[in-house]
Amino acid sequence: MSLTAGIVGLPNVGKSTLFNALTNSNVLAENYPFATIKPNTAVVEVKDHRIERLAKIFNPKRIVRATFEFTDIAGLVKGASKGEGLGNLFLANIRNCDAVIEVVRCFDNPQIVNVHDTVDPKRDIEEINLELILADLAVVDGHLGKTAKRAQMTREKALVAEVDLLNRIKAALESEKFASTVTMTPEEQKIVRNYNLLTYKPFIYVGNVSESAYANPEKDKYFPAVEQYAKEHDAQAIPICAETEAQLSSVSPEERKEYLEALGTDLTGLDRITTAAYKILGLRTFFTGGPEEVRAWTFHEGWTAPQCAGVIHTDMERGFIKAEVYTYSDLDKYGTEAALREKGLIRTEGKEYVVQDGDCLFIKFNAPKGK
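As the structure is a prediction and not an experimental result, all values here were calculated from the model.

Peer 1: Give me the overall build of the protein: which residues, what numbers.
Peer 2: Within the protein, the secondary structure is distributed over 14 helices and twelve strands. Taken over 371 residues, the protein has a buried fraction of 48%. For the protein, the share of sequence-separated contacts (at least 6 apart) that also reach a separation of at least 24 residues comes to 68%. When the accessible area of the protein is evaluated, it comes to approximately 18,900 Å², of which 49% is carbon and sulfur surface.

Peer 1: Any chance you could break down the pattern of salt bridges for me, citing the residues and the numbers?
Peer 2: Applying the stated criterion across every chain, the model contains 21 salt bridges. A salt bridge links Arg50 to Asp357; the shortest N-O distance between them is 3.0 Å. Placement of the pair is Arg50 in helix 2 (residues 49–58) and Asp357 in the loop between strand 11 (347–349) and strand 12 (359–365), with a sequence separation of 307 residues. A salt bridge links Glu52 to Arg65; the nearest nitrogen and oxygen atoms lie 3.0 Å apart.

Peer 1: Go over the nonpolar core, please, and point to the residues and values.
Peer 2: Core analysis: the largest hydrophobic core is formed by 89 residues, its most contacted members being Phe68, Phe70, Ile101 and Ile169. Top element by residues in this core is helix 4 (residues 121–154). It accounts for nine residues. Counting 14 residues, the second largest nonpolar core, distinct from the first, contains Phe320, Tyr353, Val355 and Leu361.

Peer 1: Please set out helix 5 (residues 157–174) residue by residue, giving values where relevant.
Peer 2: For helix 5, with 18 residues, the first-to-last C-alpha span of 26 Å sits near the 26 Å given by 1.5 Å per residue. Where helix 5 is buried, its residues meet helix 4 and helix 6 (186–193). With its phi angle positive at about 60 degrees, Glu176 sits one or two positions after the end of helix 5.

Peer 1: Residues and numbers for the packing of helix 5 against helix 6, please.
Peer 2: The N-to-C vectors of helix 5 and helix 6 enclose an angle of 75 degrees; their axes lie 11 Å apart at closest approach. It follows from the interaxial angle that helix 5 and helix 6 lie roughly perpendicular. Two secondary-structure elements touch here, helix 5 through Glu162, Leu165, Arg168 and Ile169 and helix 6 through Glu188, Ile191 and Val192. Taken together, the residues of the contact of helix 5 with helix 6 break down into four nonpolar, no polar and three charged.

Peer 1: So what's going on with the packing of aromatic side chains? Residues and values would help.
Peer 2: The final tally for this structure, using the stated rule, is seven aromatic pairs. What links up through ring pairs into an aromatic cluster is the set Phe178, Phe203, Tyr205 and Tyr229. Over the ring of Trp297 we find Arg295, and its NZ or CZ is 4.5 Å from the ring centre.

Peer 1: Could you give me a rundown of the sheet that holds strand 7 (residues 236–240), with the residues and numbers involved?
Peer 2: Across the sheet, six strands lie side by side as 2-4-1-5-6-7; this open sheet has mixed pairing. With one partner strand each, in any of the chains shown, strand 2 (40–45) and strand 7 form the two edges of the open sheet. Along the sheet, successive strands turn relative to each other by an average axial angle of 25 degrees, direction set aside. For strand 6 (residues 203–209) and strand 7, the ladder comprises five bridges, and the chain directions are parallel. Along strand 7, the bridge assignment pairs Asn208 with Ile240. Across the sheet, helix 7 (residues 223–232) touches strand 5 (99–106), strand 6 and strand 7, and the angle it forms with strand 7 is around 160 degrees.

Peer 1: Go over the side chain of Thr274, please, and point to the residues and values.
Peer 2: Structurally, Thr274 can be placed in helix 10 (residues 269–280). Residues contacting Thr274, with those up to four places away along its chain left out, are Leu22, Val44, Glu45, Val46, Phe68 and Phe70.

Peer 1: I'd like to hear about unusual backbone geometry, residue by residue, with values.
Peer 2: Its identity as a non-glycine residue notwithstanding, Asn59 has a phi of 50 degrees, on the positive side. One non-glycine residue with positive phi stands out, namely Asp234, at about 55 degrees. Along the polypeptide, Asp234 turns up in the loop between helix 7 and strand 7.

Peer 1: Explain the environment of Lys146 residue by residue, including any values.
Peer 2: With respect to the element layout, Lys146 can be found in helix 4. Look at Lys146 and you get exposed, because its relative accessible area is 63%. The spacing of Lys146 and Val163 is 17 residues in sequence and 9.6 Å in space, taken between C-alpha atoms.

Peer 1: Go over the environment of Glu301 with me, naming the residues and quoting the values.
Peer 2: Turning to its location among the elements, Glu301 is positioned in the loop between strand 9 (293–300) and helix 11 (305–312). Distance from Glu301 to Lys279, taken between C-alpha atoms, is 9.4 Å for residues 22 residues apart in sequence. Once residues within four sequence positions are removed from consideration, Glu301 is found in contact with Gly282 and Arg284. Only 3.2 Å separates the side chain of Glu301 from the side chain of Arg284, close enough to count as a polar contact.

Procedures and definitions
- Residues numbered from 1 in each chain as written.
- Predicted model: local features only at pLDDT ≥ 70, side-chain atom pairs only at ≥ 80, totals over all residues.
- Heavy atoms only, no water.
- Helix = DSSP H or I, 4+ residues; strand = E, 2+ residues; numbered from the N terminus.
- Buried < 20%, exposed > 50% of the residue type's maximum accessible area, 1.4 Å probe, protein only.
- Contact = heavy atoms within 4.5 Å.
- Areas by Shrake-Rupley, 256 points an atom, 1.4 Å probe, with all protein chains shown as cover.
- Salt bridge = Lys/Arg side-chain N within 4 Å of Asp/Glu carboxyl O.
- Core = buried A, V, L, I, M, F, W, Y, C linked by side-chain atoms within 4.5 Å.
- Expected span 1.5 Å × (residues − 1).
- Axes fitted to C-alpha atoms, helices over the stretch in contact; angles between N-to-C directions.
- Parallel < 35°, antiparallel > 145°, perpendicular 65-115°, else oblique.
- Nonpolar A, V, L, I, M, F, W, Y, C, P; charged D, E, K, R; others polar.
- Phe/Tyr/Trp six-rings, centres within 6.5 Å; stacked < 30°, edge-to-face > 60°.
- Lys NZ or Arg CZ within 6 Å of the ring centre and 35° of its normal.
- Pairing = 2+ DSSP bridges.
- Polar contact = N/O pair within 3.5 Å; in protein donor to acceptor, adjacent residues only side chain to side chain.

Written out as structure tokens, the structure reads:
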């Protein structure tokens, strides 16, 4: 399942430094605008304490964690919606992403070039978002022109309804509101996904704070503005210090653990970003376990047992018979599958069962003939 979050922002806000830390890779992160010209993509493990516990229970030969994909995208500048700077490249790359991680500068440092004379994260967010809105407005106008003509000629109900939807989205965008703020029916949501609008994607706002503010970002002079903006726009705000995260990514797990314990947490800012991106896309995790392997599998919230079987192998979905299911929390509590069987906590579910986050599954299926 290939879903990706694009890391975006103005030049020199710490995007590439964050990406380097996130992937522990070696992406170009120089101190000048447009250092990142080609998008860089990397797969990151989703930190999940549950798989560590399962590994202790099953003692497997192999552990496979869930993963998530991030893309580092070239810095945006004012006028990107009209092709300024690397605007066209930026917009094309971000349209290929499923979620947006918007990084804004929340630190003072005269040695690092700033596209503005002052640090103002709310202004920067609004500047970036306006470019996304203008780009979406151009897309909507294009669709509206074609669809309205066809609707006028044919009077097809579906086309008339689509014109109404496009007009409502256009009105929101012209009011500098995201397409995601428009109330839509489930059917309209399916239609709007085909437009691949930037402002219909889920957003996470990341404030890159100074090292001194890392331990208590809520008392930082800049980050609360990011938090307030995210709250007002039904999004999540996460504080990080890209430089500190980069340092943490290169030290031993023991040193990292000690540092985090001193801050009163067991997750880095990068872990929180990955987990948040995973969840806002409606991604959830089920597990399979045994002496050979313990694995975390990614699925979409609302998927049935056969659909989740298909994540493992398409033959398992086609030949699905039933699934033995128990919850991670029950296994964590009682320690063995044998104990769960004694207590009647392992149940059999059929094709209609909707898998829940944290379910442990054993799929029974008929293999196709000749396989």
